[in-house]
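# Structural features, examined
If you want the building blocks of each chain, they are given just below.
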Amino acid sequence: MKSLKLTSYDQYYKLLYLYHAELVFIINLQEEIVGANQNLIKYGYSINDLLHKHIKTILRVDFSISHEDRMASQLTYKNGDQVDVEVQVIPIVEKGELKGYFLVVKDQSEVNNPSPQVKKDALIKKEWITAFELQYALDKKQFTLFYQPKLSLTTGKIVGVEALIRWKHPKRGLISPGEFIPITEESGLIIPIGEWTLREACRQNKAWQEEGHPPMLMSVNLSVRQLHQPGFVPIVQQILNETELDPSYLELEITESMLMDHEKSIPVLRDLKNLGVQISLDDFGTGYSSLHYLKNIPIDRLKIDQSFVRNCSIDTNDATIVKTIIAMAHQLNLEVIAEGVEIKEHLLFLQRHVCDEAQGYLFSKPLPPEELICILKDVEQVIPTSGLPKDLSNQHWIEEANSVDRQELIDTISKQQGMIMKFIKKGNAFIHTLCGGELIYKFGLIPEQIIGKELKDFLEKELVNEKLLYYERAWSGEKVVYEAKLNDVFYITSLQPVKKMGQVVEVISSSFDITPRKKIEEELKLREANYRIITENMLDLVGVWDLEGNVIYASPSHKKVLGFNPEDYKGKKGHSWVHPEDIPIVDEHFKNVLNAKQQSLVIFRAKHTNGGWVKIEVQVAPVMEESGTVKQFVVVGRDINNRM
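Predicted model, so just to flag it, every value in this text is computed and none were measured.

## Observations regarding the pairing of strand β6 (residues 97–107)
Pairing of strand β2 (residues 23–28) with β6, which is carried by 6 bridges, proceeds in the antiparallel orientation. Looking at β6, one finds that leucine 23 is bridged to valine 105. Direction of pairing for strand β5 (residues 82–94) relative to β6: antiparallel, over a ladder of 10 bridges. Looking across to β6, one finds that glutamine 88 is bridged to valine 104. Between the end of β5 and the start of β6, which pair antiparallel, lie 2 residues, with lysine 95 showing a positive phi angle near 55 degrees.

## Quick notes on the packing of helix α7 (residues 190–210) against helix α9 (residues 232–243)
Viewed as axis vectors pointing N to C, α7 and α9 meet at an angle of 30 degrees, and their least axial separation amounts to 9 Å. In terms of orientation, α7 lies roughly parallel with respect to α9. Considering the relative orientation of α7 and α9, their crossing is right-handed. Touching Glu195, Leu198, Arg199, Cys202, Arg203 and Lys206 of α7 are Ile235, Val236, Ile239, Leu240, Glu242 and Thr243, all from α9. In the contact of α7 with α9, the residues fall into 6 nonpolar, 1 polar and 5 charged.

## Quick notes on the environment of valine 586
Tracing the sequence through the fold places valine 586 in helix α24 (residues 583–596). What makes valine 586 buried here is its relative accessible area of 0%. Sequence separation of valine 586 and histidine 575 is 11 residues, and the distance between their C-alpha atoms is 8.5 Å. Filtering out sequence-adjacent residues up to four positions away, valine 586 remains in contact with His575, Val578 and Phe604.

## Remarks on the confidence of the model for the protein
Looking at the protein as a whole, its pLDDT mean stands at 84, while 84% of the residues score no less than 70. Per-element confidence in the protein ranges from a low mean pLDDT of 47 for strand β1 (residues 4–5) to a high of 97 for strand β10 (residues 217–221). Segment residues 1–10: pLDDT under 50, and 30 contacts once partners within four positions in sequence are set aside and those in other chains are kept.

## Here's the deal with the side chain of histidine 346
Assignment of secondary structure puts histidine 346 in helix α14 (residues 344–352). Since its relative accessible area comes to 2%, histidine 346 is described here as buried. Leave out the neighbours within four places in its chain, and histidine 346 touches Val309, Arg310, Cys312, Ser313, Gly340 and Val341.

## Brief notes about the pairing of strand β17 (residues 429–436)
Of all 8 residues that make up β17, 7 are buried, and the element is covered over most of its length. In the sheet, strand β16 (residues 419–426) pairs with β17 via 7 bridges, with the strands oriented antiparallel. Along β17, the bridge assignment pairs methionine 421 with cysteine 435. Counting the residues between successive antiparallel strands, the hairpin from β16 to β17 contains 2 residues, one of them, glycine 427, with a positive phi of roughly 65 degrees.

Conventions used here
Residues numbered from 1 in each chain as written. Predicted model: local features only at pLDDT ≥ 70, side-chain atom pairs only at ≥ 80, totals over all residues. Heavy atoms only, no water. Pairing = 2+ DSSP bridges. Helix = DSSP H or I, 4+ residues; strand = E, 2+ residues; numbered from the N terminus. Axes fitted to C-alpha atoms, helices over the stretch in contact; angles between N-to-C directions. Parallel < 35°, antiparallel > 145°, perpendicular 65-115°, else oblique. Left-handed = near helix turned anticlockwise from the far one by under 90°. Contact = heavy atoms within 4.5 Å. Nonpolar A, V, L, I, M, F, W, Y, C, P; charged D, E, K, R; others polar. Buried < 20%, exposed > 50% of the residue type's maximum accessible area, 1.4 Å probe, protein only. pLDDT = per-residue confidence, 0-100.

So this is what it looks like as structure tokens:
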């Protein structure tokens, strides 16, 4: 009797997921149900309804039937109805010992008249063994990596390679990943196989570097299971440490579908970026990622799916998609690589639209490492011989750079607090060619009202005439600065002429909001007026002296009390107006204030313009620095002759 032989009994449960179109049971030696797939729902059962129940409660089965034969039977619905089915019995043997049975149950109607989906699912009958052979293949080192080069479309040089796994089956020969990767995903084997791929790719890249080949970026595809497995980032770090590969030479490729659970994916991607590796978004345009998340994910480049590249030179829709992806990526400061480049027309199209890199059969198919190294020079001749002439290619890049620079300039202008405009003169009219900045919205305008328009199109007539005078002066070559007001906003504008060959070709206008400054000035003027009224009418003498005894300020009241103008005092020694006999007393009080840093009261005689002396009482107060030192003195005095 043939049987299913596995290294671990747990692996049988993975078969439940492979037979997704059929009903599957796992039966122990007591003929009890210990496992089943979700197709039980079709018959009204849940797994809990049947777990550890005898199989014959719902299905007649003969366990002497081998997996080469199938038996006709009946399956009982939960509601009591029955349906004709076909049952395949496969004994489960582990280490030579019978452990139980694997049952595959098919609806008889589908067996006699299979639908297209059933025909497709029938292929799984050989794939369920493949799932376990894959584990064997991993243990026996039957996997190998092929490498496909990636080329810079500007230099024509190889800048990287993509690692692609192959299975060297001892009987079936070389098997492409399309045949077995889906099964590794379903079975969970993608985790160990993916780790092997990553380690081998890093090892190979380091080996090439040690052989003296130019450093290249090694790209390795990730699966969602790998990305979300616990501890994936430390695994990558460990592999880099083991292989001694610089992280900057490793690129991990993810797909858009992996970003659907962005809250889980993005933190992992950020941690990977922190390791120093690069991230590429593969098959861009075919998934479901939101552009909102695209701007937030830490990636270095977008990879245009080959389904768009294949017809980009003949299909306008695909051409538009490719051009849009390139332009969008460059605006996001991302590089773009196109895969599936197979003919010269693909290459020319991508060069004309400044795609950064490309890979495909036009350059090389995926090859074993030893074969790829032998043809590197030939691969690097493809672009010089089949692509655009270097000068023309450079011109496209210059135009693209200018376009990007202009857009960046516009974006920068729109974000700055002031306003920047440019205008030219056509005939007798000044036409605005650029406008942006936050200030324009404070004026109650938008750029679209200004660009391509004259002053009269958005300003009132009386303002237009005033501005035209400034515009004419600037167009004549004069640098003009003026202040103005619009919609309760005060602003200052500088007009800077731009000359070529001695002639003004345009004028750049820079404006800034000075409303807060104007309000402060008006408040200060009001306060100054009020202060002047007070100081001009008060009789108290107010002065400010520095530490050397020089007068910095004298109030207008000095004129009324002592007859001298306030300006007569400024910059001169205060002692000049103190009676010679009182100078020692004044000096002593100022020293006390300086040392004690406290106010002091002193009485002395001050000179009057009539030649006499006026007895005044003076309060000396220190003015302190933040450091606590005295920087000057405030002197407040009054005439006390009337008290005597």
